[in-house]
Amino acid sequence: ARMVLQSMSAKTMDRINGMEQTDAVAAFKACCGSTKYTEGMVAAMPFQSAEDLKSKSDSVWATCGRQDILEAFLAHPKIGDSKGAQQHGGKWASNEQSGMQKASNDTAAAMTQGNQDYQAKMGFRYIVCATGKTAEEMLGILQARLVNSAHQELINGAAEQNKITHLRLNKLLSEMTLSSL
């Protein structure tokens, strides 16, 4: 079984490394909406393994400044904005925010208000890695983070963006693995 996994992994990396530049740009842009990140990942090709891909992703993300981070945030729909999730976040955002689908009207209204309050105070949208979180958990995190400074929230949001990027890189790897079987 290990040989099969290794050859599947090798095929997956061959598919990622063999992408045309426009496909690579689109694939990495779907993982993180920052142009600098996307260009850095394309420049970092080829990748030796999934671990190398994620390590290089972390290194590229670490070089991104405030404007790059804010650009990445803008590629995300607001938490709870299901229409925005379909338009903004591409194929993965709706699924990532699925916890909001079960939100009560009160929780959904509080999230909408919280998003507005956060945007007004911080100057950018609230970013949280929503995968696996309930609406109430996402709202609680938002409310807890509202007391922070904009500087601290840029750091917090960038860390959340990196978690989202890793989850999306895993999805990219899965899709490439499935398409190479």
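Below is a summary of the structure that appears in this document. (Residues numbered from 1 in each chain as written. Predicted model: local features only at pLDDT ≥ 70, side-chain atom pairs only at ≥ 80, totals over all residues. Heavy atoms only, no water.)

### Quick look at the overall build of the protein chain
Secondary structure assignment for the protein chain yields 10 helices and 0 strands. Helices and strands in the protein chain line up, N terminus first, as α-α-α-α-α-α-α-α-α-α. Residue burial in the protein chain is summarised as follows: out of 181 residues, 44% are buried. For the protein chain, long-range pairs separated by at least 24 residues make up 68% of all intrachain contacts whose partners lie at least 6 apart in sequence. As displayed, the protein chain has an accessible area near 9,400 Å², and 54% of this comes from carbon and sulfur atoms. (Helix = DSSP H or I, 4+ residues; strand = E, 2+ residues; numbered from the N terminus. Buried < 20%, exposed > 50% of the residue type's maximum accessible area, 1.4 Å probe, protein only. Contact = heavy atoms within 4.5 Å. Areas by Shrake-Rupley, 256 points an atom, 1.4 Å probe, with all protein chains shown as cover.)

### Here we look at helix H2 (residues 21-31)
For H2, the full list of buried residues reads Ala24, Ala27, Phe28 and Cys31. Along the long axis of H2, the arc covered by the buried residues comes to 90°, so they all point the same way. (Arc of directions from axis to C-beta.)

### Re unusual backbone geometry
Put simply, Met45 and Pro46 share a cis peptide bond, and its omega is 0°. Within the element layout of this structure, Pro46 appears in the loop between helix H3 (35-44) and helix H4 (50-62).

### Things to note about the pattern of salt bridges
Within this structure, the stated rule accounts for 4 salt bridges. Residues Lys29 and Glu71 are paired through a salt bridge, measuring 3.7 Å at the closest nitrogen-oxygen approach. Of the two residues, Lys29 sits in helix H2 while Glu71 sits in helix H5 (residues 66-74), which places them 42 residues apart along the sequence. Classification of Lys29 by relative accessible area gives partly exposed; the value is 33%. With a relative accessible area of 29%, Glu71 lands in the partly exposed category. For Glu153, the salt bridge identified is with Arg145, shortest N-O distance 2.6 Å. (Salt bridge = Lys/Arg side-chain N within 4 Å of Asp/Glu carboxyl O.)

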